[in-house]
Amino acid sequence: MRLSAVRLGAGSAATLLAAAAIGHALDATAWGLAIVASLALATVLLRLHHEESRMPATALSSTVADAARHASRTRRLAGQLRALRNAAAALPDALVLLDRESRVRWFNEAAVRLLGLRRPRDRRAVLSVRLAGTAIADWLTGGDDAPLDDVPAPADPTLHLSLSLLPVGHDQRLLIARDISNLSRLEQVRRDFVANVSHELRTPLTVIHGYLELLDPEDAPELEPVIGEMRLQSRRMGQIVEDLLTLSRLETRPKLVEEHVAMGALLTTLRKEAEALSHGRHTVTLEITDDADLLGSLKELHSAFSNLVSNAVRYTPTGGRIHIRWRRTPEGAVFAVSDTGYGIPLSHQARLTERFYRVSSSRSRETGGTGLGLSIVKHVLNLHQARLTVESEPGRGSTFAAEFGARRVLEPGGGEA
Ligand code: ADP
């Protein structure tokens, strides 16, 4: 077939030229071309018919067999596709396939139940527009790659969802929304229990502590070490209760107080606190590379930073150095505390922010630790969308850094940086 087409091509060119010449001679080029073009088309059709009638019967039957195979493959694929769709439809997680413009291409039944999508109304709808006014829409338009945890379901606010976006192919994305209501209920029960126990312990502890302070060891010198130990332990218990209450407060807080935090003053306070805690056993230095303030809660940031400073003092032997730094970075700003202390083996580093996780329990207790300091730091930083990083080498020291995004960095005394 290809050969005859080439032949026809060469033949037609010559014929067309001849036609143009004849037409020109007759002073009707267009007419000449039209007539010859029709003739050429008729020739092609005739040739096609001829070749088809010459086609051997075997070639015809193999074409029929090919077609049958093709049809059966198409049926099989369609069946597999149906099975896949049925499986996706039966999944308890909501699935929504989004195209490059974030329009809905397809969704399963759970997306109807959890996200409130409807067929056919929401096919091709821009998902963030369809869910406008919800935390999910803000997350979708914000372009954050990180999953969105524990948000109310748009179709039923009593349900809690956790969402993530996965890339599919080169320009599509799959939104997965999981119903985590049971988990969040359990989490709520745990939070309430810890908050209630801490609250209930606060009053009796205050009473015990008060009476212990009233006891005068001079009345019974033989009891002096006992009274001293009881005072120390009741103070520790009080500190644990206070730290647990702080954690509960941070966990249940939906939003922060957003104020202009003057870092210069805060950093000076932190250095004084470090010196007071160290009692002259360490060299404390402060380095402010850039003038920059923070947007956030002064009270919470102070508590987080002073936990890092107090850890540096507590886990650095006498004679060591504590260095506090504040500087801008291309991403925002960093508050860092470095020490030349005991350091932390790598195997422990990932777990430091867990409640009551300690590398050495005895060292933590001896220095008055509750094991909750870094959990508090992590919570405070999360509320400021900031990140805690740890670099440490046993025997050489550690650097704990709080990294803030540009959105949180303010010009001193002025507006946003
Ligand atoms: P703690 O009250 O025990 O200090 P944290 O939550 O503040 O509790 O810290 C958890 C553990 O991390 C500590 O017990 C300690 O083992 C380790 N750690 C924290 N900061 C430092 C540091 N600067 N140097 C060495 N170890 C540290």
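Just so it is clear, the model here is predicted, and its values are computed rather than measured.

Some points on the site of the ligand
Near the ligand there are 20 residues, and of these Arg 314, Tyr 315, Ser 364, Gly 371 and Leu 374 occur at the shortest range. A distance of 2.6 Å separates an oxygen atom of the ligand from a polar side-chain atom of Ser 364. Here the ligand has 530 Å² of accessible area as a free molecule, and 97% of this is covered by the chains. Ranked by the residues each element gives to the shell around the ligand, the list is headed by helix H10 (residues 298-314), at three residues. Classifying every residue of the shell around the ligand by side-chain character gives nine nonpolar, eight polar and three charged.

Regarding the sheet that holds strand S9 (residues 321-329)
Ordered by their spatial adjacency, five strands build an open sheet running S7-S9-S10-S12-S11, and the pairing between neighbours is mixed. Only two strands of the sheet have a single neighbouring strand rather than two, namely strand S7 (283-288) and strand S11 (387-393). Along the sheet, successive strands turn relative to each other by an average axial angle of 15°, direction set aside. Here eight bridges tie strand S10 (residues 332-339) to strand S12 (residues 397-405), and the two strands are oriented antiparallel to one another. Bridging from a neighbouring strand, Asp 339 pairs with Ser 398 of S12. Helix-sheet contacts for H10 involve S9, S10, S11 and S12, and the interaxial angle to S10 is about 30°.

Notes on a negative patch on the surface
Taken together, the side chains of Asp 216, Glu 218, Asp 219 and Glu 224 define an acidic patch exposed on the protein surface. For Asp 216, the position within the fold is in the loop between helix H7 (181-214) and helix H8 (224-252).

Observations concerning the pairing of strand S1 (residues 94-98)
Residues in a regular strand project their side chains so that they alternate between the two faces of the sheet. S1 sits mainly inside the fold: five of its five residues count as buried. The alternating pattern of S1 places Ala 94, Val 96 and Leu 98 on one face and Leu 95 and Leu 97 on the opposite face, and all of these are buried. Summarising the sheet, S1 and strand S5 (residues 172-179) pair through five bridges and their orientation is antiparallel. Looking at the pairing, Leu 98 lines up with Arg 173 of S5. Here three bridges tie S1 to strand S2 (residues 104-107), and the two strands are oriented antiparallel to one another. In the sheet register, Leu 97 faces S2, and the bridge partner there is Trp 106. Hairpin connection, S1 to S2: the antiparallel pair is bridged by five residues, and Ser 102 has positive phi, about 60°.

Details of the environment of Arg 407
Take Arg 407: it is sitting in the loop between S12 and strand S13 (409-410). Taking C-alpha positions, Arg 407 is 8.1 Å from Leu 295, a pair spaced 112 residues apart along the chain. Reaching out from Arg 407, the side chain makes a polar contact with the side chain of Gln 385 at a distance of 3.2 Å.

Considering unusual backbone geometry
The bulk of non-glycine residues show a negative phi, and the bulk of peptide bonds are trans. The residue after Arg 119, namely Pro 120, is reached through a cis peptide bond having omega 0°. Relative to the assigned elements, Pro 120 resides in the loop between helix H4 (109-115) and helix H5 (127-130). Non-glycine residue Ser 102 carries a positive phi angle of around 60°. Non-glycine residue Asp 150 carries a positive phi angle of around 55°. Counting through the fold element by element, Asp 150 comes out in strand S3 (residues 148-153). The partly exposed category is assigned to Asp 150, whose relative accessible area is 36%.

Some points on H10
Its 17 residues give H10 an end-to-end C-alpha distance of 24 Å, which sits within 8% of 24 Å, the value for a rise of 1.5 Å per residue. Burial within H10 is extensive, with 13 of its 17 residues counted as buried.

Observations concerning the packing of aromatic side chains
Tallying each qualifying case throughout the model produces two aromatic pairs. A ring pair is formed by Phe 305 and Phe 335, whose centres lie 4.0 Å apart and whose planes are at 20°; its orientation type is stacked. Within this pair, whereas Phe 305 is found in helix H10, its partner Phe 335 is found in strand S10, the two being separated by 30 residues in sequence. Under the relative-accessibility criterion, Phe 305 is labelled buried at 1%. Assessed through its relative accessible area of 0%, Phe 335 is described here as buried. Following the ring pairs from residue to residue traces out a cluster consisting of Phe 305, Phe 335 and Phe 404. Its end group placed over the ring of Phe 107, Arg 119 keeps NZ or CZ at 4.4 Å from the ring centre. Above the plane of the ring of Tyr 342 lies Arg 363, whose end atom (NZ or CZ) is 3.5 Å from the centre.

Topic: the environment of Val 377
As for its placement among the helices and strands, Val 377 is situated in helix H13 (residues 373-383). Residues within four places of Val 377 in sequence aside, it is in contact with Ala 304, Asn 307, Leu 308 and Leu 388.

Quick look at the nonpolar core
Core analysis: the largest hydrophobic core is formed by 43 residues, its most contacted members being Met 263, Leu 294, Phe 305, Trp 326, Phe 335 and Phe 404. For this core, the element with the most residues is H10, which contributes seven residues. When residues are assigned to domains, this core turns out to be shared by domain 3 (183-251) and domain 4 (259-410), each giving three or more. Once residues within four sequence positions are removed from consideration, Met 263 is found in contact with Ala 292, Asp 293, Leu 294, Phe 305 and Trp 326.

Here is what the cut-offs are and how they apply
Every residue gets a number counted from 1 within its own chain, in the order that chain's sequence is written. Local features in a predicted model are, by the rule used here, given only for residues with pLDDT of at least 70; side-chain atom pairs are given and counted only at 80 or more, and totals for whole chains, interfaces and linings are based on all residues. Values reported for side chains reflect all heavy atoms of the structure, with hydrogen atoms and water molecules removed beforehand. Think of it this way: one heavy atom of a residue within 4 Å of a molecule or strand is enough to make that residue near it. Under this definition, polar contacts are N or O atom pairs within 3.5 Å; protein pairs additionally need one hydrogen-donor-capable and one acceptor-capable atom, and for neighbouring residues in sequence, both atoms have to be side-chain atoms. Areas reported as accessible are Shrake-Rupley estimates using a 1.4 Å probe. Residue values count occlusion only from the protein chains shown. By definition, any uninterrupted DSSP run of H or I lasting at least four residues is a helix, any uninterrupted run of E lasting at least two residues is a strand, and each is numbered from the N terminus. By the convention adopted, Pro, Cys, Tyr, Trp, Phe, Met, Ile, Leu, Val and Ala count as nonpolar, Lys, Arg, Asp and Glu as charged, and the other residues, Gly among them, as polar. Strand pairing follows a simple DSSP-based rule, namely that at least 2 bridges must link the two strands. Note on geometry: axes are lines fitted to C-alpha atoms, helical ones only across the stretch in contact, with angles between N-to-C directions running from 0 to 180 degrees. Two residues qualify as a contact provided that any one of their heavy atoms is within 4.5 Å of a heavy atom in the partner residue. Patch criteria: residues need more than 30% relative accessible area and no salt bridge. Like-charged residues are merged within 9 Å; nonpolar side chains of Val, Leu, Ile, Met, Phe, Trp and Tyr are merged within 5 Å. Throughout this description, the term salt bridge denotes a Lys or Arg side-chain nitrogen within 4 Å of a carboxyl oxygen of Asp or Glu. For the charge count, each Lys or Arg is scored as positive and each Asp or Glu as negative, with His and the chain ends excluded. Charged side chains are reduced to one point each, which is NZ for Lys, CZ for Arg, CG for Asp and CD for Glu. Exposure classes here rest on a 1.4 Å probe applied to the protein chains alone. A residue is buried below 20% of its type maximum, exposed above 50%, and partly exposed in between. In a helix, the anticipated span is given by 1.5 Å times the number of residues less one. Here is the rule: rings of Phe, Tyr and Trp (six-membered ring for Trp) pair when centre to centre is within 6.5 Å. Planes less than 30 degrees apart are stacked, more than 60 are edge-to-face, and the remainder are tilted. Sitting over a ring, as applied to charges here, requires NZ of Lys or CZ of Arg to be within 6 Å of the ring centre and within 35 degrees of the ring normal. For the purposes of this section, nonpolar cores are sets of buried Ala, Val, Leu, Ile, Met, Phe, Trp, Tyr and Cys residues that join through side-chain atoms within 4.5 Å. The start and end points of each domain follow an automatic or database-based domain assignment.

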